[in-house]
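# A structural walkthrough
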Amino acid sequence: MYAQMVKSTGTGVKSREEMSPEEAAFQARIDAGEKIEPKDWMPEGYRKTLIRQIGQHAHSEIVGQLPEGNWITRAPTLERKAILLAKVQDEAGHGLYLYCAAETLGVSRDEMTEMLLDGRMKYSSIFNYPTLTWADMGAVGWLVDGAAIMNQVPLQRTSFGPYSRAMIRVCKEESFHQRQGFDIMMKMAKGNAQQKAMAQDALNRFWYPALMMFGPSDKDSVHSAQSMAWRIKMNTNDELRQKFVDQTVPQAEFLGLSVPDENLKWNEEKGGYDFSEPDWEEFFEVIKGNGPCNTDRLAARNKAWDDGAWVREGLMAHAEKKRARKMAAE
Amino acid sequence: MAREAAFYEFLLRMGDNTLILGHRVSEWCGHAPVLEEDIALANTALDLIGQTQMWLGLAAEVQGAGKTADDLAFLRDAWDFRNLLLVEMPNGDFGQTLMRQFLFDAWHVLQLRALTASSDDRVAAIAAKAVKEATYHLDRSAETVIGLGDGTEESHARMQAALDYLYPYVGEMFLSDAVDAALVEAGIAPDPAALRAEFDATLARVLSEATLTLPAANRARGGGRNGKMHTEHLGHLLTTMQWMQRAYPGATW
Amino acid sequence: MKTEWPLWEIFIRGQHGLSHRHVGSLHAPDAEMAIKNARDVYTRRNEGVSIWVVEAAAITASSPSDKGPMYEPSESKVYRHPSFYDIPDDVGAM
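Everything numeric in this text was worked out from a predicted model, so none of it was measured.

What follows deals with the overall build of chain C. Of regular secondary structure, chain C possesses 2 helices and 3 strands. Each helix and strand of chain C, placed in order from N terminus to C terminus, yields the pattern β-β-α-β-α. In terms of overall dimensions, chain C has C-alpha extents of about 70 × 35 × 15 Å along its principal axes. The burial tally for chain C puts 29% of its 94 residues in the buried class. Long-range pairs, those at least 24 residues apart, make up 42% of the contacts in chain C with a sequence separation of at least 6. Only carbon and sulfur atoms are counted for the fraction: they give 55% of the accessible area of chain C, which is about 6,400 Å². Each charge class in chain C can be summarised by its mean position, and for the 10 positive and 13 negative side chains these summaries are 8 Å apart.

With that settled, the discussion passes to the sheet that holds strand β2 (residues 21-27) of chain C. Residue and element names in this part refer to chain C. Read across the open sheet, the 3 strands follow the order β2-β1-β3; overall the sheet is antiparallel. Strands at the two margins of the open sheet, each flanked by one partner only, are β2 and β3 (50-55). The mean angle between the axes of side-by-side strands here comes to 30°, regardless of whether they run parallel or antiparallel. Taken together, the 6 bridges between strand β1 (residues 7-13) and β3 define a ladder with antiparallel strand orientation. Residue pairing for β3: Trp-8 is matched across the bridge by Glu-55.

All names here are of chain A. Mapped onto the secondary structure, Ser-224 falls in helix α9 (residues 222-229). Given the relative accessible area of 9%, Ser-224 is considered buried. Once you skip the residues sitting within four places of it in the chain, Ser-224 turns out to touch Asp-218 and Lys-233.

The next subject is the pattern of salt bridges. Any two side chains of opposite charge can pair if their charged atoms end up close together. By the definition in use, this model includes 47 salt bridges over all chains. For C:Glu47, the salt bridge identified is with A:Arg169, shortest N-O distance 3.8 Å. You can see C:Glu47 sitting in the loop between α1 (31-42) and β3 and its partner A:Arg169 sitting in helix α7 (residues 161-189), one on each of two chains. Taking the relative accessible area as the measure of exposure, A:Arg169 reaches 19% and is therefore buried. Of the charged contacts, one joins C:Asp40 and C:Arg39 as a salt bridge, the two residues approaching to 2.9 Å between their closest N and O atoms. By relative accessible area, which is 0% here, C:Asp40 ends up buried.

A word on the environment of B:Val34. By the element assignment, B:Val34 lies in the loop between α1 (3-26) and α2 (35-63). Classification of B:Val34 as buried rests on a relative accessible area of 7%.

Looking now at the interface of chain B and chain A. Contacts between chain B and chain A engage 50 residues on the former and 48 residues on the latter. Between chain B and chain A, roughly 4,000 Å² of surface is buried when both sides are summed, and carbon and sulfur atoms account for 68% of that area. Inspection of the chain B/chain A interface yields 3 salt bridges. Its salt-bridge partner being A:Arg109, residue B:Glu36 comes within 2.7 Å of it at the nearest N-O pair. Run the count over chain B and chain A and you get 15 residue pairs in polar contact (both at pLDDT 80 or more). Among the elements of the structure, α1, α2, α3 (69-74), α5 (94-115), α6 (121-149), α7 (153-166), α10 (232-241) and α11 (243-247) of chain B are those that each provide at least two residues to the side of chain B that touches chain A. No other element matches the 12 residues that α2(B) contributes to the side of chain B that touches chain A. For the side of chain B that touches chain A, the per-class residue count stands at 24 nonpolar, 16 polar and 10 charged.

Across the contact, 25 residues belong to chain A and 23 residues belong to chain C. Taken over both partners, the interface formed by chain A and chain C buries close to 2,100 Å², and the fraction arising from carbon and sulfur atoms is 50%. Looking at the side of chain A facing chain C, the largest losses of area belong to A:Lys39, A:Arg169 and A:Met316, adding up to 23% of the total buried there. Between the two partners, chain A and chain C, sit 7 salt bridges. For C:Arg44, the salt bridge identified is with A:Asp90, shortest N-O distance 2.6 Å.

Criteria and thresholds
Residue positions are counted from 1 within each chain, in the order its sequence is given. Labels are handed out in written order, letters beginning with A for the chains and numbers beginning with 1 for the ligands. Only residues with pLDDT of 70 or above have their local features reported here, since the model is predicted, and side-chain atom pairs are shown and tallied only from 80 upward, although totals for entire chains, interfaces and linings are computed over all residues. Values reported for side chains reflect all heavy atoms of the structure, with hydrogen atoms and water molecules removed beforehand. Going along the chain from the N terminus, every DSSP run of H or I of four or more residues is numbered as a helix, and every run of E of two or more is numbered as a strand. Buried means the residue's accessible area, taken with a 1.4 Å probe over protein chains only, is under 20% of the maximum for its type, while exposed means over 50%, and partly exposed covers the values in between. Working rule for contacts: check all heavy atoms of both residues, and any pair within 4.5 Å makes them a contact. A 1.4 Å probe and the Shrake-Rupley method give the accessible areas. Residues count as covered only by the protein chains that appear here. In this count, Lys and Arg are taken as positive residues and Asp and Glu as negative ones, while His and the chain termini are left out. One atom stands in for each charge, and that atom is NZ of Lys, CZ of Arg, CG of Asp or CD of Glu. Here, any two strands with at least 2 DSSP bridges between them count as paired. The convention used is that axes are lines fitted to C-alpha atoms, helices contributing only their stretch in contact, and that angles between N-to-C directions extend from 0 to 180 degrees. What counts as a salt bridge is simple: a side-chain nitrogen of Lys or Arg found within 4 Å of a carboxyl oxygen of Asp or Glu. The term buried area refers to how much accessible surface (probe radius 1.4 Å) is lost by two components on association, counted for both of them together. Any pair of N or O atoms that falls within 3.5 Å is considered a polar contact. Within protein, one atom must be able to donate a hydrogen and the other to accept it, and sequence-neighbouring residues count only if both atoms are side-chain atoms. Here the term charged refers only to Asp, Glu, Lys and Arg, the term nonpolar to Ala, Val, Leu, Ile, Met, Phe, Trp, Tyr, Cys and Pro, and the term polar to all other amino acids, Gly among them.

In structure tokens form, the structure reads like this:
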């Protein structure tokens, strides 16, 4: 779904004069819009930042299965059940594509998984919020996928070839995710009073966490500048957040729901909405592990991984036996 | 038994099997041992849910009471369900889930293959679509059962335990009753007992490759497909599955 | 026990008559499971009619540092392209 870069490696952008000839040639290729491929020379910082970013992104997809997976067994109709299952399955697929992209940088999927499980690597803060009612399936699709798509569409043009190709596939598949969420919201907003109240409640709870998905304001961040120079980050956090608000507010109006922000106001001069910042203190608490669901999310991932060990080992052992038998027969 | 009543029962049996098993398999989403299996399990569940929509849709049509597939799925209680006990058994570990899947698939493919020749065109059409899905499910579940049975000592032991736990529920798939007799006479569906020999052959082949031992055959545990006696597991599954429709009667989602 | 499943590269023929195209990778214990996993992972939207799988470790790739000697010499062989030749319109389709 989306990786939130809170920290990155590197110490600001080097000027051309400070760069080694290799670095300068590398930067020139990026500036010319060329794609960097796994076997090409690349600065260590580029490799490390990418592993972290793609890894976080992949982890977000995998942990992101949990809040929506929470409702697959309770979906209200057979069709909703199928749609939600297909959607959450897509998230697993997206995690898979992204892990593969990171693997081309010399880190294995199991290594990255272990770093997620023991807390060395992070995932998007949004998935540490609970899904309490069916309306949350609407809100997550509409707002969370909406925010994710906003970030992912530009990443299709990112400089690292495997990442860019993974994002193209992800974006193609994800085009239905936000729509199915909005579709759920429409049904509920036009439904009975209870349904409408449920939809409003979901919007109230997910609005600010969705705004947090773009990360803290990055106007002073040198790390962000380096990532942008390397074209592994395509827009600033604030740009994307503004774009998200401008796109989403009219949609909420269409639904007849109100965005939970008293300061929300159209600003003619900037051609966009003025809006309240999310509670950044809460954001950093969630990132640190102190959100409503952090413990449960990681426990669920750890359990799946630990319980699955015998399966992974069993199938591998069988494959080896089969290979040995085949060789003995030849 | 009157033909229409028997036909309705039969459609519930088909649709409830896929509904309950599809639900069980969907419980895995996000929790499987490895990403590739997570995705594969979801595909299986999606196929089964799709088949449910067709079988229960037709059941509602045949019933003629103005109901929908959703009404039948979400607003009947445990005693109305006509699924095999096998499919309502809990997921257990991944091995138990895959063993249950394999045992069901091995029967399901035979049943659907026979149904493609049904005298009822609607049944034949649903079966023609479903049999392709079920054939892949069987391919995959059989290969996984073999892989885990013939894997490590631990995976072998777990698969044997899964087989021992689930095998008593296999017999129910081949018990014939008055409903079946009426369907056979109308040329709609095969006699369940007639599928046993081929099922046993598939089982023998796969279990031998998996180095697993078939447990001694006890009296078949039945009661699911005729609704006389389900397990306690079904009620809990329904409580979860039907929650929304029960809590908000008449709402559209 | 450390037993990460090997990585496989997946190639899919999208339609009859087209060649197989690299679509991505996945993990599987062996080739048979890799085919099945590829079916489940990469053809969920009706994307294929045929699948090839190759263990990633079995692929030999050209080295990027050889780029000059490997690919540039062909740049100057312009006479291999039909547009190099000026054929009068009167000749008709060729």
